[in-house]
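One-letter residues, chain by chain:
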Amino acid sequence: MRITDLLDKRSICLDGAPKSKKEALDQMVELMAESGKINDIEAYREQVYAREEESTTGIGEGIAIPHGKCDAVSKPGLAAMVVKDGVDFDSLDGAPVTLLFLIAAPNTKDNVHLDVLSKLSVLMMDEEFSSSLRNARTVEEFLEIIDKADEEKSDIDERLADTGSAEESQIKLLAVTSCPTGIAHTYMAAEGIEKAAKARNCFVKIETRGSGGAKNVLSAQEIADADCIIVAADAQVPMDRFDGKKVIVCQVSDGISKADQLVERAIAGEVPVYHSASGAAVKTESAKSGGAGHRIYTQLMNGVSHMLPFVVGGGILIAIAFLIDGLSVDINALPADQRANFGSITEAAALFKGIGDTAFGFMLPVLAGFIAMAIGDRPALAVGFVGGMIASGGKSGFLGALAAGFMAGYLIVGLRKLCDKLPDALEKIAPVLIYPVVGILIMGLAMNFAVEPIMGGINTGLNGALNHMGGTSKVVLGLVLGGMMAIDMGGPFNKAAYVFGTASIAAGNYDIMAAVMVGGMTPPCAIALATLLFKNRFTKEERQTGPTNFIMGLAFITEGAIPFAASDPLHVLPACIIGSGAAGALSMLFNCTLMAPHGGIFVFPVVGNALMYLLALVVGTVISAVLLGAFKKKRV
């Protein structure tokens, strides 16, 4: 396959004039759509923008190569645009972009097109080639220039594999390049490092880890003989094999724009020795402009993505348990003390609920553990799990687990720096002895003597405030209780409101429990609705899992909203709190009552004024969903 096989004349524009990066990307997507290779333009556009959020594809020297790989692409393709006056593209070198190539890659096992796309990416680094494209007068001339270069230039993987043997006097350098998509930047970084190394008369071998898999893989002997190793990657790279070697770890973009500096550092030898984190694979962070905020976000999302299966699986099983009891038991005929066991009254329901509760029990430890691992690698996993388990069994809930995850990660980072100063014999046992023992001890002390007491104090204060408010305005009380159910979704605020509601049942105040439950049902339902109404505010994974929150919300499983709240708390929590508060207030206003402490929609038959109660839920859900659409940033 040749590069021009992927280019359609309709997808080439030689006189583009976008005024902004967004406008340039939109025009490129439209050009790609002209070729008929996209079956869902908006889904493809979203993927292109999502890739751009990870790090700019403006590689410098006036060139940008945005790309998107997803199911919306039916056939691999390219689109090209020349912008004579340039456009600000947030490029690595700050220069305006005058030449853009947009890549469309399908999610298929057939990756023959990837070699073609990687070759184009490398060709773009040739100044004579890119300059010729900018000056092409017709589309035919543009294609002819590409075809000629394609014919003359060998494939990069073939060229990288032909390293020859190192001379005795040569500095021996190795490199690994990888980017999340594995199409363009992986090979451009490899080309940049190869050129810089050869310019300094260094022997160099480069392993590329692209979408087609690892190629030109470094051997154990080559690693042993290397003077320095450069890992330019924004995706996971196996690092164990580099233990005890001098290793430079950087972003893949540095391999493109700072290859000369990387090689200079490697030659100078002023590079730290890498020590394997007990078999961990190190993931270098991809960050837009290298920002700390993006690093924190990716660390957080590592925890959320690993937690999600426990939330979905456990939550739906618990909902099934409520459904079984709802179909099998007349809750009106049950004594008040047995209503608290709704969801586990029948044997079948108890089985489902037991399994679901077990899955839920892992939720917060997994969240904390994998946040910690994203920061401090594998040694931080155990420390984060312990912190998350303490939060799960205590009063701090998912907010405590979030704190535990970050604390654990940075605790291990600190311990590693301290252990670097130890004698070699002690340093080698740090991953298997010092990190887990000292890390878990410090985490346990911090959780028990700092996080839990603070959250416990808040919890006690909230209970006192609620008891004081109980005799005042019912609508205000419903507003407060409903809002509290959404503040931390299983944490101390949520628990305080729920305990107050269940205690009110014993006192015969059934309207309070009704406000509490509708407030807890609102966040998952609102998030499910928002993922359908405002798709461009959510990631692909969030849109796929979002509708399952209807099930959890209707079953009064507020925790279904936790992954969404954890990934974007500043926007999700306010929207949910306002909608839940409104639902709770309306429940009170409509004089709705509830004698069961749980069950969601499955106990609606025993709700007093059930139709108005359903209206309160719908109104609260719509309010929160609309606010989510307004508060959350566009993902495309």
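Each remark here, short or long, concerns the structure printed above.
Basis of the calculations
- Residues numbered from 1 in each chain as written.
- Predicted model: local features only at pLDDT ≥ 70, side-chain atom pairs only at ≥ 80, totals over all residues.
- Heavy atoms only, no water.
- Helix = DSSP H or I, 4+ residues; strand = E, 2+ residues; numbered from the N terminus.
- Buried < 20%, exposed > 50% of the residue type's maximum accessible area, 1.4 Å probe, protein only.
- Contact = heavy atoms within 4.5 Å.
- Areas by Shrake-Rupley, 256 points an atom, 1.4 Å probe, with all protein chains shown as cover.
- Expected span 1.5 Å × (residues − 1).
- 1 Å grid on protein atoms, 1.4 Å probe; cavity = no way out; pocket = protein on both sides within 12 Å on 5 of 7 lines; lining within 4 Å.
- Points joined across faces, edges and corners; volume = space filled by probe spheres on them.
- Nonpolar A, V, L, I, M, F, W, Y, C, P; charged D, E, K, R; others polar.
- Salt bridge = Lys/Arg side-chain N within 4 Å of Asp/Glu carboxyl O.
- Axes fitted to C-alpha atoms, helices over the stretch in contact; angles between N-to-C directions.
- Parallel < 35°, antiparallel > 145°, perpendicular 65-115°, else oblique.
- Left-handed = near helix turned anticlockwise from the far one by under 90°.

(A) Representation of the overall build of the protein chain in the model. If you tally the helices and strands in the protein chain, you get 25 helices and 13 strands. Within the span of the protein chain, comprising 636 residues, buried residues form 54% of the whole. The contacts of the protein chain with a sequence gap of at least 6 include a subset with a gap of at least 24, amounting to 74%. A total accessible area of about 25,600 Å² is found for the protein chain, and carbon and sulfur atoms account for 59% of it.

(B) Geometry of helix α1 (residues 21-34). Under the 1.5 Å per step criterion, the end-to-end length of α1 is 20 Å for 14 residues, consistent within 8% with the ideal 20 Å. All of the buried residues in α1 are K21, A24, L25, D26, M28, V29, L31 and M32. Two residues or fewer after α1 comes G36, characterised by a positive phi angle close to 75°.

(C) Fine view of empty space enclosed by the protein. What the rule picks out here adds up to 2 cavities of 30 Å³ or more. What the largest cavity holds in volume is close to 80 Å³. Every residue lining the largest cavity is listed: M301, V304, S305, L308, E541, E542, T545, P563, F564 and S567. Contributing elements (two or more residues each) for the lining of the largest cavity: α11 (292-328), α21 (540-545) and α23 (562-567). For the lining of the largest cavity, the class distribution of residues is 5 nonpolar, 3 polar and 2 charged.

(D) Geometry of the pattern of salt bridges. For the coordinates displayed, the defined rule picks out 19 salt bridges. Note that R209 is salt-bridged to E207, the shortest N-O span being 2.7 Å. On the basis of relative accessibility, which here comes to 0%, the residue E207 falls in the buried class. Residue D511 is joined to K474 by a salt bridge in which the shortest nitrogen-to-oxygen separation is 2.9 Å. Of this pair, D511 sits in helix α20 (residues 510-533) while K474 sits in helix α18 (residues 474-487), placing them 37 residues apart in sequence. Classification of D511 as buried rests on a relative accessible area of 13%. Relative accessible area serves as the criterion here: at 46%, K474 is assigned to the partly exposed category. Connected via shared salt-bridge partners are K22, D26, E30, E42 and R45.

(E) Quick look at the environment of G269. With respect to the helices and strands, the residue G269 is situated in the loop between α10 (259-268) and β13 (282-283). For the pair G269 and D227, spaced 42 residues apart in sequence, the C-alpha to C-alpha distance is 8.0 Å.

(F) Representation of unusual backbone geometry. Unlike most non-glycine residues, D377 shows phi in positive territory, near 65°. Given a relative accessible area of 16%, D377 falls into the buried group. Despite not being glycine, N591 shows a phi value in the positive range, around 60°. In this fold, N591 is placed in the loop between α24 (569-589) and α25 (610-631).

(G) Structural view of the packing of α1 against helix α2 (residues 41-54). Close contact between α1 and α2 brings their axes to 10 Å; oriented N to C, the two are set at 140°. On the basis of their axis angle, the class for α1 and α2 is oblique. Seen along the crossing, α1 lies across α2 with a hand that is right-handed. Across from K21, K22, L25, D26, V29, E30, M32 and A33 in α1, the residues of α2 making contact are I41, Y44, R45, V48, Y49 and E52. Its residues assigned to classes, the contact of α1 with α2 shows 8 nonpolar, no polar and 6 charged.

(H) Region of interest: the environment of I103. Turning to its location among the elements, I103 is positioned in strand β6 (residues 97-106). A relative accessible area of 1% places I103 in the buried class. For I103 and M32, which are 71 residues apart along the polypeptide, the C-alpha to C-alpha distance reads 8.5 Å.

Any link to function would need more than the numbers given here.
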